[in-house]
Amino acid sequence: MFESLTQRLTRTLDSIRGQGRLTEDQINTAARELRMALLEADVALPVIKSFIDKLKARALGAEITQSLTPGQAFLRVVQHELTEALGGTSEPLNLRAQPPVVILMAGLQGSGKTTTTAKLARRLKEDDKKSVVVVSCDVYRPAAIEQLRIVATGVGVDVFPSAVGQDPIQIAKDALAYARKQFADVLIVDTAGRTTVDQEMMAEIAALHAAVQPTETLFVVDSMTGQDAANTAKAFADVLPLTGVVLTKVDGDSRGGAALSVRTVTGRPIKFLGVGEKTDKLEVFHPDRIANRIIG
Ligand code: GDP
């Protein structure tokens, strides 16, 4: 078990009886512990560096009141800055556009796109009382199309049929025409992923984006991929105007470091967390909660 940041700071800083304000020495000592804690949480290295540089400037001169030890004073600054770096507050889906509102799902194979499509469909149907159509544009893997059909049928939403060998762009266009005809509120477009970033996949998702002009383009990323999550996020953010991120598999033993990496690299809000395989395991992202989880 890793030592949490709180434990680290208690050990290194609380023996120093600080008075007045945090000193540069204290901050440097604390920053070393913070760096270790962020590394253990699997935050990408460049992200750690930029976060700590900013934080040092903020922490300098932070007041140590009588009730706070230097370690606690530093931790309070970290908590605040981490929450801000993670977006500050929750950001809901934008559903205010002319219906059908199109949501495009992007991400690598295995990141949890199809599962998240069904989770979102369920949430929109049950909580927001929206009528939802889903479609799979993964014409490379029959199992993917079948998986979406099964999970989406399970949550009781409409599935626009598609098949291997069809043109993914045409499928998406036809699904949009169908959703319009049905007066559906939302169309969720699930797309094909690859195991690694590849040009063909990127070109296809960009073409899909142009064809359906989504209101929301969500990047789905596996939180367990740690450092890689940042690189993947950058590759997708470079070709797509992402509007949000869904971080999946947060129920694993991940310390949540991918949240800080992905948010920093894309500059886009994390909107949801996947916290299990079942379709009800989708939570709204709260920056302060993940900040606390990273701090430990
Ligand atoms: P896709 O290839 O991006 O469509 O990914 P899938 O939706 O097929 O998900 C890949 C695997 O991850 C499946 O076994 C899912 O059950 C699992 N999965 C997806 N989201 C979560 C999650 O939030 N938690 C856990 N534990 N498993 C998840």
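Calculation criteria
Residues numbered from 1 in each chain as written. Predicted model: local features only at pLDDT ≥ 70, side-chain atom pairs only at ≥ 80, totals over all residues. Heavy atoms only, no water. UniProt positions renumbered as here; feature names shortened; annotations may be inferred. Phe/Tyr/Trp six-rings, centres within 6.5 Å; stacked < 30°, edge-to-face > 60°. Helix = DSSP H or I, 4+ residues; strand = E, 2+ residues; numbered from the N terminus. Buried < 20%, exposed > 50% of the residue type's maximum accessible area, 1.4 Å probe, protein only. Near = heavy atom within 4 Å. Polar contact = N/O pair within 3.5 Å; in protein donor to acceptor, adjacent residues only side chain to side chain. Areas by Shrake-Rupley, 256 points an atom, 1.4 Å probe, with all protein chains shown as cover. 1 Å grid on protein atoms, 1.4 Å probe; cavity = no way out; pocket = protein on both sides within 12 Å on 5 of 7 lines; lining within 4 Å. Sits in = over half its atoms within 2 Å of the grid points. Pairing = 2+ DSSP bridges. Axes fitted to C-alpha atoms, helices over the stretch in contact; angles between N-to-C directions. Contact = heavy atoms within 4.5 Å.

In the annotation of an unreviewed UniProt entry, the protein chain is listed under the name Signal recognition particle protein and assigned to Panacagrimonas perspica. Recorded in UniProt under Catalytic activity (unreviewed entry), the annotation for the protein chain is "GTP + H2O = GDP + phosphate + H(+)". UniProt annotates the protein chain under Subunit (unreviewed entry) with the comment "Part of the signal recognition particle protein translocation system, which is composed of SRP and FtsY. SRP is a ribonucleoprotein composed of Ffh and a 4.5S RNA molecule."

J.: Even after reading the chapter, I still don't get the packing of aromatic side chains, so can you show me in this structure?
T.: Between two aromatic rings, the relevant description is the distance of the centres plus the angle of the planes. Taken as a whole, this structure holds 2 aromatic pairs when the rule is applied. Between F160 and Y178, the aromatic rings sit 5.4 Å apart at their centres with planes inclined by 45°, giving tilted as the arrangement. One end of the pair, F160, is in strand β3 (residues 158–160); the other, Y178, is in helix α7 (residues 168–181), and 18 residues separate them in sequence. The class of F160 is buried, set by a relative accessible area of 16%.

J.: Looking at this model, I keep getting lost on the site of the ligand. Mind explaining?
T.: Neighbouring the ligand are 17 residues; G110, K113, T115, D251 and E277 lie closest to it. Contact distances for the ligand include 3.0 Å between an oxygen atom and a backbone N or O atom of G112. Contacts to the ligand include G274, whose backbone N or O atom sits 3.2 Å from an oxygen atom. For the ligand, the accessible surface in isolation is 580 Å², of which the surrounding protein chains cover 80%. Placement of the ligand is best described as lying within the largest pocket. Of the residues forming the shell around the ligand, the biggest block, 4 residues, is contributed by helix α5 (residues 113–126).

J.: Would you mind showing me how to read the sheet that holds strand β4 (residues 186–190) here?
T.: Through backbone hydrogen bonds, the strands of a sheet pair up, either in parallel or in antiparallel fashion. An order of β3-β2-β4-β1-β5-β6-β7-β8 is seen for the 8 strands of this open sheet, with the pairing classed as mixed. Strands with a single pairing partner mark the edges of an open sheet, and in this sheet they are β3 and β8 (282–284). Pairwise comparison of adjacent strand axes, ignoring direction, gives a mean angle of 25° for this sheet. Pairing analysis gives 3 bridges linking strand β6 (residues 244–248) to strand β7 (residues 270–274), with the strands arranged parallel. Bridge pairing links V245 to I270 in β7. Strands in contact with α5 are β1 (101–106), β2 (132–136), β4, β5 (216–222), β6, β7 and β8; relative to β4, the strand with the most contacts, it is inclined by about 170°.

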